[in-house]
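# Observations on the three-dimensional arrangement
What follows is each chain in one-letter form.
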Amino acid sequence: MKTIIKMLFAALLIGGTAFAANAQDSQPQANQKPGKYEVNTQLLEQTGTYEQRKLYREFLTEYMKNCPYISNFSIHEAMGSHNNHEVVWTYNVNGWNDITRFYSWVSDQLKSTKEDGLKKAMTPYAPDYAIGGQIRVEKRSKAALAKD
């Protein structure tokens, strides 16, 4: 488990460095409004039946409301995939730094000795917690921002 956490931390540092090069400063706020950027991360759920994974998705979506760096978190199956283990995390951020802060927050939550909360919600991604996946960031349109 320590090796997995070390690998995740190393991936976060490398990813954080890349994002920092293009960083825009953003301060986390409680109950943050939907951000300027939509982030999509393609991931693979490793374990569990389809019904179990659907329940964990709901739990994870609810848990992510506690994260001060993102908003509008959702999980859906990858479109066009024939494998229902392939999912996409979608969430909004206000700047590049929020992505790095989000993954640091997730890492800290996973290091926690508590078995409930995020660690439990992340069961389908265990044991590796390879949550970096393929990340795509798009600026949200003015129309989408106006609706929020």
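Residues numbered from 1 in each chain as written. Predicted model: local features only at pLDDT ≥ 70, side-chain atom pairs only at ≥ 80, totals over all residues. Heavy atoms only, no water.

### A closer look at the confidence of the model for the protein
Applicable threshold: A score from 0 to 100, pLDDT tells how confident the predictor is in each residue. In this description, contact between two residues means that some pair of their heavy atoms is separated by no more than 4.5 Å.
Taken as a whole, the protein shows an average pLDDT of 80; of its residues, 72% reach a score of 70 or greater. Predicted confidence is poor over residues 8–31, with pLDDT under 50, and the contacts of this stretch with residues over four places away or in other chains come to 32 contacts.

### Section: the packing of aromatic side chains
Heads up, the rule is: Aromatic pairing here means that ring centres of Phe, Tyr or Trp (its six-membered ring) are within 6.5 Å. Orientation follows from the plane angle: under 30 degrees is stacked, over 60 is edge-to-face, and everything else is tilted. Think of it this way: any DSSP run of H or I at least four residues long counts as a helix, any run of E at least two long counts as a strand, and we number them from the N terminus. Any residue under 20% of the maximum accessible area for its type is buried, any over 50% is exposed, and the rest in between are partly exposed; the area is computed with a 1.4 Å probe on protein chains only.
Enumeration according to the criterion identifies eight aromatic pairs in this entry. Here the aromatic rings of Phe73 and Tyr91 are separated by 6.3 Å at their centres, their planes lie at 20°, and the arrangement is stacked. On the criterion of sequence distance, the pair formed by Phe73 in strand 2 (residues 71–77) and Tyr91 in strand 3 (residues 86–93) is long-range, its members being 18 residues apart. With a centroid separation of 4.8 Å and an interplanar angle of 50°, the aromatic rings of Tyr91 and Phe102 are classed as tilted. You can see Tyr91 sitting in strand 3 and its partner Phe102 sitting in helix 3 (residues 96–111), a full 11 residues away along the chain. Using a relative accessible area of 0% as the deciding quantity, one classes Tyr91 as buried. Taken together through their ring pairs, the aromatic side chains of Phe73, Trp89, Tyr91, Phe102, Tyr103 and Tyr125 make up a single cluster.

### Digging into the pattern of salt bridges
Cut-off, in case you're wondering: The salt bridge criterion pairs a side-chain nitrogen of Lys or Arg with a carboxyl oxygen of Asp or Glu, the two atoms within 4 Å.
Enumeration according to the criterion identifies six salt bridges in this entry. As a salt-bridge pair, Arg53 and Glu45 come within 2.9 Å of each other at their nearest N and O atoms. For Arg53, a relative accessible area of 2% gives the class buried. In this structure Glu45 comes out as buried when scored by relative accessible area, which is 2%. Through salt bridges with shared partners, one network takes in Glu45, Arg53, Arg57 and Glu77.

### Here we look at helix 2 (residues 50–63)
The following threshold applies: How far a helix is expected to stretch is found by multiplying one less than its residue total by 1.5 Å. Starting at the helix axis, one direction is taken to each C-beta atom, and the arc is that of these directions.
With 14 residues, helix 2 ought to run about 20 Å at 1.5 Å a step, and its terminal C-alpha atoms sit 20 Å apart, in line with that. Buried within helix 2 we find Arg53, Arg57, Leu60 and Tyr63. All buried residues of helix 2 lie within an arc of 130° about the axis, which places them on one face of the element. Counted as exposed and oriented over 90 degrees from the buried face of helix 2: Glu51, Leu55 and Glu58. Buried-residue contacts for helix 2 involve strand 2, strand 3, helix 3 and helix 4 (118–121).

### Digging into the sheet that holds strand 4 (residues 134–139)
The cut-off we apply is this: Here, a strand pair is defined by DSSP locating no fewer than two bridges between the strands. Helix axes are fitted to C-alpha atoms over the stretch in contact, other axes to C-alpha atoms as well, and angles between N-to-C directions run from 0 to 180 degrees.
Strand order in the open sheet made by the four strands is 2-3-1-4, with antiparallel pairing throughout. Looking along the sheet, the strands with just one partner apiece sit at the ends: strand 2 and strand 4. Going across the sheet, the axis of each strand differs from the next one's by a mean of 20°, ignoring polarity. Note: strand 1 (residues 37–44) against strand 4, six bridges, orientation antiparallel. Looking across to strand 4, one finds that Val39 is bridged to Val137. Contacts between helix 2 and the sheet are confined to strand 2 and strand 3, with strand 2 contributing the most and set at about 170° to the helix.

### Things to note about the pairing of strand 1
The pairing of strand 1 with strand 3 spans eight bridges and is classified as antiparallel. The residue bridging Tyr37 from the neighbouring strand is Val93, located in strand 3.

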